[in-house]
Structure formats: C-alpha cells, structure tokens
Amino acid sequence: MSKIVFFCIPAHGHTNPTLGVVRELVSRGHQVWYYSYNMMREKIESTGATFVSCDDYDMEQKLTPKDATRIGKDVAFSTKIIVDTTLALDDTVCDAMEKLKPDCIVADSMAIWGKAVAMKLNIPFVSSTTTFAFNQESAKIMKQGLGDLFKMIFSMPKIGKDIKRLQDKGYPINNILDIIQNDDNTHTVVYTSPEFQPCSDTFSDKYAFVGPSIRPAEGEITKTKDKLVYISMGTVNNDMLPLYKNAIAAFAQTDYQVILSVGNLVPLEKFGDLPENISVYSSVDQIAVLQKADVFLSHCGMNSVNESLYFGVPLIMLPQTSEQGGVAERVSQLGAGIKLKKMDATSLLHAVNNVFATPSYKEQATVISEGFKRCPGAKGAADKILSVCDSPS
C-alpha cells in the first residue's frame with residue numbers, strides 16, 4: 001500500500017480532474033492525503049482521501065478578484081504569490097512530509113509549493129497538469145506578443161528577489177523556469193489526449209496523456225427545443241453582464257433553447273423578464289447540460305473545453321487569458337469551434353448560426369471526443385502515479 005499526497009490550488013477546473021484519480025487510488029487500497037482549501041473539502045472527502053486545509057496559511061486566500069485576474073497576466077506578481085504561499089506552508093508541510101514519508105507527491109502544475117517541497121525533501125514527484133503540457137514546441141500555440149516578453153524582462157529583478165527567498169529556505173531552485181516548467185525528466189499526468197495536445201510527440205515517455213477525467217452528471221436537463229445553446233464563462237472571471245445581455249438580445253427571437261450560467265458575481269435580478277426560450281442561473285450541472293447541448297459559448301478554460309468536446313459539442317470561444325487563448329487556438333486548428341472577435345449580439349448570433357450550418361464543426365468535435373474516449377482516464381493516471389511510487393528514480 002502506497003502513501004500519496006496531493007496538492008492543488010482552490011480552483012474547480014484544477015481540482016475536478018483529480019477526483020476520479022484519487023477515488024481510483026483509494027479503491028485500490030492506497031492512502032491519499034489531499035492538501036487543498038475548505039471550499040473543496042466536501043468533494044475531496046467524498047473520494048475517500050484525507051483532506052488537509054491550507055486556508056490558515058495560504059496568502060492566495062487573501063487575494064481580491066482583481067488580484068486573481070492579475071495572476072494570469074503578471075509574471076512577477078504570480079511568482080510573489082507562489083513564493084509567499086510556499087514559505088507560508090513551508091514549516092507545516094515539511095514537518096508533515098518528514099513524519100509521513102510519502103511514496104509520492106502529486107501537485108497541480110500551479111500548486112508550485114507541492115513541487116518545491118518534493119524537490120527540497122527529495123520525494124518522488126508527479127505533476128498534475130490540467131492545461132496543455134508545455135515545451136518549446138507546444139508553447140508556440142500561446143503566441144505571446146512582444147508586450148508580454150517586455151513585461152517579463154522588466155519583472156526579472158523582482159522575480160530574482162523572490163527566488164532568493166526560496167533558496168534561503170533550502171529550496172534547490174535556480175530560476176523561475178525551475179518552478180513553472182516541467183522538463184522531459186518530470187513525471188507528468190496530462191488530462192487530455194495525445195491528439196488534442198499540441199506536439200504530443202515531442203514529449204518524453206515520462207508524460208502520460210490520460211484524457212479528461214469526466215465526472216457523472218448529478219442531475220438532468222430537459223431539452224425543450226431542437227437546438228440547445230449553452231453559455232458559461234467559468235467560475236472566476238465571469239462578471240460579464242454586457243455579454244450575457246447581448247446573448248439574450250441575440251437569441252430572444254430564435255427557436256433555440258438557451259441556458260446561461262452566470263456565476264455569483266452577477267445578481268439574477270439584473271436580467272429582469274426573460275424570453276420563454278432563455279433561462280439564466282447562477283450555476284448549473286455543466287455535465288448534465290453538455291450531454292444535451294448543441295453548441296457551447298465558453299471562455300475556453302481547459303476543463304470546460306475538455307468536457308464540451310468529450311460530449312462532441314462544438315465551441316464558440318471567447319478566451320479571457322493567454323492560457324485560454326492557447327486552448328481556443330488549438331480548438332480552431334482542429335476545426336471544432338469558432339473564436340469570437342466581437343461579443344455584440346450580431347456576432348454571437350452569426351457564430352452560432354455558422355456552427356449549425358457547417359457540419360464539419362460537429363464532426364471534428366466528435367473526432368476529438370473519440371480520441372478522449374480511447375485514453376485510459378483515471379485508471380491510467382493512477383497507474384502512472386503508482387509506477388512512480390514503485391520506481392522513484
């Protein structure tokens with residue numbers, strides 16, 4: 001029986017793909033400890049893992065919504081948050097790991113403190129990657145502009161000071177790339193298929209492309225029209241009332257059923273009386289909706305895109321970060337969706353009509369779905385983690 005420790009950030013899109021893996025490990029008789037945040041406690045404990053709260057230590061819990069948006073765009077700020085969190089958890093986590101002596105640490109690619117602790121204590125490590133895996137070849141899909149490059153160059157002195165703080169506490173880290181980039185020697189579980197992953201043939205055999213981890217639907221959605229349009233901009237940066245109102249204006253006079261999931265930042269009373277074909281909710285069971293949907297208007301978070309394509313649903317894409325832009329670019333390359341240039345009512349309606357009028361979008365989404373379903377899923381991820389436990393070298 002192996003002892004395995006997971007670390008993750010407080011984000012549903014990063015937590016959800018791991019839950020089936022944890023459940024699989026526990027079902028095989030292994031012990032799992034999962035370091036996360038109280039907002040995730042219930043779903044993590046439902047897997048049979050032992051939940052360990054990071055809330056009392058982690059600086060990330062003190063971030064404002066604007067700060068959360070900045071993390072995806074400001075390298076120096078992101079590095080500071082990573083270092084602050086790692087050092088805040090340092091004594092507690094290192095003491096716990098030295099007593100527990102786990103056979104393996106599995107850390108989300110953004111929960112850098114898990115990787116840092118594994119490096120510091122020489123514990124076998126697996127990166128859990130819920131986005132695309134990145135190397136020099138696949139990173140080209142991100143298409144970072146000169147502005148991003150200059151921002152990173154100007155922020156390097158600040159980054160260097162934060163890296164020095166980690167070095168002073170005994171972490172074997174030389175630069176920011178040691179933290180944020182996995183090399184060909186890092187065991188890595190990637191929750192997508194080789195076909196959807198850009199340049200998958202350029203990664204070493206340490207990488208396991210296991211496909212998306214799709215949970216069962218928790219409810220059922222009634223389809224009332226021939227075509228169902230689903231709209232959701234995720235659970236973080238979704239304060240987008242103008243977009244939602246444009247969508248209502250676009251589809252009010254159509255024969256489409258429209259379901260909008262708008263999050264908790266937009267009060268439902270802001271929408272007033274709605275056309276009979278349009279429903280607005282703070283949240284929905286996305287899996288249940290996607291099982292019935294015909295098109296998905298999405299911010300292109302990796303988890304949402306994986307779920308959409310798993311059910312063969314083509315996408316209308318409105319990415320909000322460079323990471324989401326990379327996902328949208330890949331979907332466009334494979335012909336499974338359309339990237340929006342504007343979010344006015346006319347553009348929204350035209351894009352949806354275009355998807356319905358062009359069978360290839362649905363066909364390509366189905367091809368990707370078939371690739372996902374050929375992957376080993378949670379069982380394959382568990383096999384990879386256990387292989388690292390058995391062969392730490």
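Q: Please clarify how the nonpolar core should be interpreted in this entry.
A: Across soluble globular proteins, nonpolar side chains show a tendency to be buried alongside one another. Formed by 30 residues in total, the largest nonpolar core has its most connected members in Phe251, Leu260 and Ile316. Listed by contribution, the elements that provide at least two residues to this core are strand E8 (228-232), helix H8 (241-251), strand E9 (257-261), strand E10 (278-281), strand E11 (295-298) and helix H12 (345-357). No other element matches the seven residues that H8 contributes to this core. Residue contacts for Leu260: discarding those within four places in its chain leaves Ile231, Tyr244, Ala247, Ile278, Ser279, Val280 and Tyr281.

Q: Help me out: how do you make sense of the packing of aromatic side chains in this one?
A: Where two aromatic rings form a pair, the distance of their centres and the angle of their planes describe that pair. Scanning the entire structure with this criterion turns up twelve aromatic pairs. Seen from their ring centres, Phe7 and Tyr35 are 4.8 Å apart, and the 25° between their planes marks the pair as stacked. Placement of the pair is Phe7 in strand E1 (residues 3-7) and Tyr35 in strand E2 (residues 31-36), with a sequence separation of 28 residues. Given the relative accessible area of 8%, Tyr35 is considered buried. The interplanar angle of 80° and the centroid separation of 5.9 Å between the aromatic rings of Phe196 and Phe372 together place this pair among those described as edge-to-face. Remark: Phe372 occurs in helix H13 (residues 359-374) and Phe196 occurs in the loop between strand E6 (187-190) and strand E7 (207-209); sequence separation between them is 176 residues. Of the two residues, Phe196 and Phe372, both sit in the buried class. Put simply, the rings of Phe132, Phe196 and Phe372 pair up and form one aromatic cluster.

Q: Is there a simple way to think about H13 in this case?
A: Within an α-helix, residues lying three or four positions from one another point in the same direction, as the helix has 3.6 residues per turn. Here H13 spans 23 Å end to end across 16 residues, near enough to the 22 Å set by a 1.5 Å rise per residue. The set of residues buried in H13 consists of Tyr361, Ala365, Ile368, Ser369, Gly371 and Phe372. Seen along its axis, H13 keeps its buried residues to an arc of 160°; they face one direction. Looking at H13, the residues exposed on the side facing more than 90 degrees away from the buried face are Pro359, Lys373 and Arg374.

Q: Before we go on, may I ask you to explain the pattern of salt bridges in this structure?
A: Should the charged atoms of two oppositely charged side chains come close, the side chains can pair. Under the counting rule described, the total for this entry stands at nine salt bridges. Across the salt bridge formed by Asp285 and Arg215, the nearest N and O atoms sit 2.8 Å from each other. Of the two residues, Asp285 is situated in the loop between E10 and helix H9 (286-290) and Arg215 in the loop between E7 and E8; the sequence distance between them amounts to 70 residues. Put simply, Lys225 and Glu276 hold a salt bridge, and the shortest N to O gap is 3.2 Å. Separated by 51 residues along the polypeptide, Lys225 in the loop between E7 and E8 and Glu276 in the loop between E9 and E10 bring together distant segments of the chain. Owing to a relative accessible area of 26%, Lys225 belongs among the partly exposed residues under this scheme. A single salt-bridge network, built from bridges that share partners, covers Glu24, Arg28 and Asp383.

Q: Explanation requested: the sheet that holds strand E4 (residues 104-108) in the structure shown.
A: In sheet architecture, strand pairing relies on hydrogen bonds along the backbone and comes in two forms, parallel and antiparallel. With parallel pairing, seven strands are arranged side by side in an open sheet as E3-E2-E1-E4-E5-E6-E7. Each edge of the open sheet carries a strand with a single partner, namely strand E3 (50-53) and E7. Mean inter-strand twist for the sheet, computed between neighbouring axes without regard to direction, equals 20°. Across four bridges, the pairing between E4 and strand E5 (residues 125-129) is parallel. If you follow Ala107 over to E5, its bridge partner there is Ser127. On top of the sheet, helix H1 (residues 12-27) reaches E1, E2, E4 and E5; it is set at about 160° to E2, its chief contact.

Q: Which parts of the structure should I look at to understand the packing of helix H10 (residues 302-310) against H13?
A: A pair of packed helices is characterised by two quantities: the angle between their axes and the separation of those axes. As a packed pair, H10 and H13 sit with axes 8 Å apart at the nearest point and diverge in direction by 100°. For the element pair H10 / H13, the angle class is roughly perpendicular. From H10, Asn306, Leu309 and Tyr310 reach across to H13, where they touch Ala365, Ile368, Ser369, Phe372 and Lys373. Residue composition of the contact of H10 with H13, grouped by class: five nonpolar, two polar and one charged.

Q: Just checking my understanding: could you explain the pairing of E10 for this structure?
A: Two faces belong to every sheet, and in a regular strand the side chains alternate between them. The side-chain alternation of E10 yields one buried face, formed by Ile278 and Val280, and one unburied face, formed by Ser279 and Tyr281. Relative to E10, E9 is paired through four bridges, and the arrangement is parallel. For Ser261, the partnering residue across the bridge sits in E10 and is Tyr281.

Q: What am I meant to see in the packing of H8 against H12 here?
A: One can describe the packing of H8 onto H12 by two numbers: an axis separation of 8 Å at closest approach and a directional angle of 60°. Looking at the two axes, H8 sits oblique to H12. In this structure, H8 crosses over H12, and the sense of that crossing is right-handed. Here H8 contributes Leu243, Asn246, Ala247, Ala249, Ala250 and Phe251 to the contact with H12, which in turn contributes Ala345, Leu348, Leu349 and Val352. In the contact of H8 with H12, the residues fall into nine nonpolar, one polar and no charged.

Q: It is not clear to me how the confidence of the model for the chain should be interpreted in this structure. Could you clarify?
A: Parts of the prediction with low pLDDT should not have their coordinates interpreted in detail. This prediction gives the chain a mean pLDDT of 86; 86% of its residues lie at or above 70. Highest mean pLDDT in the chain belongs to H13 (98); lowest belongs to helix H3 (residues 65-71) (49). Confidence over residues 64-68 falls short of pLDDT 50; this stretch has one contact with residues more than four positions distant or in other chains.

Q: I would appreciate a short explanation of the environment of Pro124 in the present structure.
A: Considering the arrangement of structural elements, one finds Pro124 in the loop between helix H5 (112-121) and E5. Under the relative-accessibility criterion, Pro124 is labelled buried at 16%.

Reading guide: rules and limits
- Within each chain, residue numbers correspond to sequence positions counted from 1 in written order.
- Under the rules for a predicted model, residues below a pLDDT of 70 receive no local features and side-chain atom pairs below 80 are neither given nor counted, while totals for whole chains, interfaces and linings still include all residues.
- Computation of side-chain values covers all heavy atoms of the structure but excludes hydrogens and water.
- The nonpolar core is taken to be a set of buried Ala, Val, Leu, Ile, Met, Phe, Trp, Tyr and Cys residues, with the residues joined through side-chain atoms within 4.5 Å.
- When a residue's accessible area, from a 1.4 Å probe over protein chains only, is under 20% of the maximum for its type it is buried; when over 50% it is exposed; and in between it is partly exposed.
- Runs of H or I in DSSP of at least four residues are treated as helices and runs of E of at least two as strands, each being numbered from the N terminus.
- In what follows, residue pairs with any heavy atoms lying within 4.5 Å of each other are defined as contacts.
- Classification of ring pairs rests on two measures: the distance between centres of Phe, Tyr or Trp rings, Trp counted by its six-membered ring, which must be within 6.5 Å, and the angle between planes, read as stacked under 30 degrees, edge-to-face over 60 and tilted in between.
- Here the expected span of a helix is defined as 1.5 Å times the quantity of residues minus one.
- As used here, the arc belongs to the directions running from the helix axis to the C-beta atoms.
- In the sections that follow, a salt bridge refers to a side-chain nitrogen of Lys or Arg positioned within 4 Å of a carboxyl oxygen of Asp or Glu.
- Paired strands, in this sense, are two strands between which DSSP finds at least two bridges.
- Angles shown run from 0 to 180 degrees and are taken between the N-to-C directions of axes, each axis being a line fitted to C-alpha atoms and, for helices, limited to the stretch in contact.
- We call two directions roughly parallel when the angle between them is under 35 degrees, roughly antiparallel when it is over 145, roughly perpendicular when it lies between 65 and 115, and oblique otherwise.
- All amino acids are sorted into three groups, where Ala, Val, Leu, Ile, Met, Phe, Trp, Tyr, Cys and Pro are nonpolar, Asp, Glu, Lys and Arg are charged, and the leftover types, Gly among them, are polar.
- By convention, the crossing between two helices is left-handed when the near helix turns anticlockwise from the far helix through less than a right angle, and right-handed when the turn is clockwise.
- Values of pLDDT, ranging from 0 to 100, describe the predictor's confidence in every residue of the model.

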